[in-house]
Amino acid sequence: MINRTLAQADPEMAQILVAELKRQQETLMLIPSENYASRAVMSATGSVFTNKYAEGYPGARYYHGCRFYDELERLAIERAKKLFGAEHANVQPHTGTAANMAAYHALLQPGDRILGMSVAHGGHLTHGAPVNFSGQIYHAFFYTVDRETGRLDYDEILQIALDCRPKLIVAGASAYPRLIDFERFREIADEVGAYLVADIAHIAGLVAAGYHPDPVPYADVVTSTTHKTLRGPRGALILCKAQYAEAIDRAVFPGVQAGPLMHVIAAKAVALHEAQQFGFREYQRQIILNSQAMAEALLENDFDLVTGGTDNHLMLVDLRRKNISGREAADLLEAAGIVVNKNLIPWDPLPPRETSGIRPGSPAITTRGMKEEEARLIGKLIARVINDGRKDPRVIEEVHKQVLELCRAFPIYADLEI
Ligand SMILES: *Cc1c(COP(=O)(O)O)cnc(C)c1O
């Protein structure tokens, strides 16, 4: 039993896996929070490190036999500190949500006031949404983007902070196409005596490479996922000033988690190593160039973008003028092999299930080696599908062919063993 391969042990699941591999190879993944992890990262994730309990921290475990787990976790911590220039790193959070939960748990008491970006304007569920623990355990207030420009209005955020007097401000977003000024957020937090937590889940790779303003000097705590632009395994980490190190570590374990996922921590270490290799900065730069090329192609094809463009890895397409919802557009695109998510635009008249926007991004196509030329072509294909795909199913077929050609010209996971 124990030595059988997946194909031998569970042909049914192996078949699903093979089909998913093919889907990843033969579609254009434009969801900006997704990426292709390296084979090395996947090897670590699927390794014997999955077999061990290692509650606690290096040198202070509650289980025996942890020698190599201490080694691997120390390596991950040192690499995270070095990559981001942080005083302290905790690499145990299972997800971005767990990282934010731990950050709040370290700094707040239930009922304390927090101020975050509203989900409807690009924030994340964990920034105080009423349906999330963050809006139920804490008393949440929200800032939005400016109605005219679609950008953060820091004077207004200050005004809201002065009115609601939060104990903690979260800066960060899931659907914001521009740079975030963390220094300005620090000033706002200082004006009202609040902690500043920067959530860089989406932009961690850009930050590490120096293509997005760095929150580490300004924020008390920085949380991030490891699987988005950082291109590691699904998971998260927390960076903080030395003064919060103990509180953060205690908040993660035993505060909100027990056994760490050591195989995932090993994979985080591998990804953090890859992020310090030659080529990673160039990759991050190309993500932005590709995103901007795709945005330009959409603008040239008569599409509206929230804020009129992008400074980062994603764009928010406002479809209101096209008389199609985000859901319909994403369905049509998926039929043509282009996978995007529907997304609310600021002050969206439609509900979250429908939405008036889509949120394409470039991290995954850039991992495949695509450059501006391909990104522009993808922008045009998106435009073609949304403009004409509803009336004429042949358009979907034609675009799908072009998508397959592009995918074959930029292969991913060729001869991967499963
Ligand atoms: C993706 C994301 C998270 C949460 O990550 P999960 O791993 O899905 O829990 C948190 N914050 C922001 C801003 C995100 O975009």
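Refer to the preceding data block for the structure.
All chains use their own residue numbering, which begins from 1 and follows the written sequence. Under the rules for a predicted model, residues below a pLDDT of 70 receive no local features and side-chain atom pairs below 80 are neither given nor counted, while totals for whole chains, interfaces and linings still include all residues. Values shown for side chains rest on all heavy atoms present in the structure; no hydrogens or waters enter the calculation.

Now for the overall build of the chain. Labels follow the DSSP assignment, with helices taken as runs of H or I lasting at least four residues and strands as runs of E lasting at least two, numbered in each case from the N terminus. Assigned secondary structure in the chain consists of 16 helices and 15 strands. Overall size of the chain, expressed as C-alpha extent along the three principal axes, is 65 × 60 × 35 Å. Working definition: with a 1.4 Å probe on protein chains only, accessible area under 20% of the residue-type maximum means buried, over 50% means exposed, and in between means partly exposed. Considering the chain as a whole, with its 418 residues, one finds that 56% of them fall into the buried category. The contact definition used throughout considers only heavy atoms, calling two residues in contact when any of these lie within 4.5 Å. Across the chain, the fraction of contacts at a sequence separation of at least 24, relative to all contacts at a separation of at least 6, is 72%. Separation between the mean location of the 44 positive side-chain charges and that of the 51 negative ones in the chain comes to 3 Å. For the purpose of counting charges, residues Lys and Arg are taken to be positive, whereas Asp and Glu are taken to be negative. His and the chain ends are not included. Lys charges are placed at NZ, Arg charges at CZ, Asp charges at CG and Glu charges at CD.

Turning our eyes to something else, we now look at a nonpolar patch on the surface. In this analysis, a patch consists of residues with relative accessible area above 30% that form no salt bridge, clustered at 9 Å for like charges and at 5 Å for the nonpolar side chains Val, Leu, Ile, Met, Phe, Trp and Tyr. Areas reported as accessible are Shrake-Rupley estimates using a 1.4 Å probe. Residue values count occlusion only from the protein chains shown. By convention in these notes, a salt bridge is any Lys or Arg side-chain nitrogen within 4 Å of a carboxyl oxygen on Asp or Glu. A cluster of nonpolar side chains, namely L6, M13, I16, L17, V18 and I418, defines an oily patch on the protein surface of about 510 Å² accessible area. Here the element with the most residues in the nonpolar patch is helix α2 (residues 11–26); it accounts for four residues. In this structure, M13 sits in helix α2. Judged by relative accessible area, M13 falls into the partly exposed class, the value being 42%.

Here the focus is empty space enclosed by the protein. Points on a 1 Å grid, built from protein atoms alone, make a cavity when a 1.4 Å probe fits but cannot get out and make a pocket when they are open with protein on both sides within 12 Å along at least 5 of 7 lines; residues with an atom within 4 Å of a point are the lining residues. Grid points are joined across faces, edges and corners, and a volume is the space filled by probe spheres set on the points. According to the stated counting rule, one finds one cavity of 30 Å³ or more in the structure shown. In this structure, the largest cavity encloses a volume near 80 Å³. If you go around the largest cavity, you meet 15 residues; those closest to its centre are A173, Y176, I180, I203 and N312. Gly is placed with the polar residues, together with every amino acid not listed as nonpolar (Ala, Val, Leu, Ile, Met, Phe, Trp, Tyr, Cys and Pro) or charged (Asp, Glu, Lys and Arg). Here the residues of the lining of the largest cavity are counted per class, giving seven nonpolar, six polar and two charged. Domain assignment of the residues forming the lining of the largest cavity places at least three in each of domain 1 (21–34 + 278–409) and domain 2 (52–274). The domain limits used here are those given by an automatic or database domain assignment.

Note on pairing: two strands pair once DSSP finds at least 2 bridges between them. Here seven strands make up an open sheet; going across it, the order is β4-β10-β9-β8-β7-β5-β6 and the pairing mixed. Looking at the sheet topology across the chains shown, the edges are occupied by β4 (88–90) and β6 (139–143). Along the sheet, successive strands turn relative to each other by an average axial angle of 20 degrees, direction set aside. Note: strand β7 (residues 168–171) against strand β8 (residues 195–199), four bridges, orientation parallel. By the bridge assignment, V170 is partnered in β8 with V197. Contacting β4, β9 (221–225) and β10 (236–240), helix α10 (residues 245–256) crosses the sheet at an angle of about 0 degrees to β4. With axes taken as lines fitted to C-alpha atoms, and helix axes fitted only over the stretch in contact, angles between N-to-C directions fall between 0 and 180 degrees.

Burial along β7 is two-sided: L168 and V170 and I169 and A171, pointing in opposite directions, are all buried. In this structure, strand β5 (residues 113–117) lies alongside β7, joined through two bridges in parallel fashion. Bridge pairing in β7 links L115 to I169. The definition of a right-handed crossover adopted here requires that, viewed with the strands pointing away, the path from the first strand over the helix to the second runs clockwise. In terms of handedness, the path from β7 via helix α8 (residues 182–192) over to β8 forms a crossover that is right-handed.

Let us look at the site of the ligand. A cutoff of 4 Å decides nearness: a residue is near a molecule or strand if any of its heavy atoms lies inside that distance of it. Neighbouring the ligand are 13 residues, the closest being G96, T97, S174, D199 and K228. Here S174 contributes a side-chain N or O atom positioned 2.8 Å from an oxygen atom of the ligand. Within the contact set of the ligand, an oxygen atom lies 2.8 Å away from a side-chain nitrogen or oxygen of K228. Coverage of the ligand by the protein chains reaches 85% of its 390 Å² of free accessible surface. No other element matches the three residues that helix α5 (residues 96–107) contributes to the shell around the ligand. Class assignment of the residues belonging to the shell around the ligand gives a composition of two nonpolar, nine polar and two charged. Two N or O atoms count as a polar contact when they lie within 3.5 Å, although within protein this holds only if one can serve as hydrogen donor and the other as acceptor, and sequence-adjacent residues are included solely when both atoms are side-chain atoms.

A separate point is the packing of aromatic side chains. The geometry of two aromatic rings is summed up by the distance between their centres and the angle between their planes. Each Phe, Tyr or Trp ring (for Trp, its six-membered ring) is paired with any other whose centre lies within 6.5 Å, and the angle between the two planes then decides the class: stacked below 30 degrees, edge-to-face above 60, tilted in between. The full count for this structure, using the stated rule, is eleven aromatic pairs. Note on F49 and Y69: the rings are 5.6 Å apart at their centroids and 80 degrees apart in plane angle, and the pair reads as edge-to-face. Note that F49 is positioned in the loop between α3 (39–45) and β2 (56–57) and Y69 in helix α4 (residues 67–84), a separation of 20 residues in sequence. The class of Y69 is buried, set by a relative accessible area of 9%. Here Y104 and F133 contribute two aromatic rings whose centre-to-centre distance is 6.2 Å and whose plane-to-plane angle is 40 degrees, an arrangement assigned as tilted. Of the two residues, Y104 is situated in helix α5 and F133 in helix α6 (residues 133–137); the sequence distance between them amounts to 29 residues. With respect to class, Y104 is no different from F133; both count as buried. Here the aromatic cluster, defined as three or more aromatic residues joined through ring pairs, consists of Y57, Y62 and F253. Geometrically, a charge over a ring is one whose NZ (Lys) or CZ (Arg) sits within 6 Å of the ring centre while staying within 35 degrees of the ring normal. Over the ring of Y283 we find R231, and its NZ or CZ is 4.0 Å from the ring centre. The residue whose ring lies beneath K322 is F303, and the NZ or CZ to ring-centre distance is 4.3 Å.

Formed by 62 residues in total, the largest nonpolar core has its most connected members in F84, L152, I169, F185 and L239. When residues of this core are sorted by domain, at least three fall in each of domain 1 (21–34 + 278–409) and domain 2 (52–274). Not counting residues up to four positions away in its chain, the partners in contact with F185 are Y143, L152, Y154, I157, I169, A171, I180 and L196. Note on terminology: a nonpolar core comprises buried Ala, Val, Leu, Ile, Met, Phe, Trp, Tyr and Cys residues joined through side-chain atoms within 4.5 Å. Of all hydrophobic cores here, the second largest spans 36 residues; its members include A295, F303, L305 and F410.

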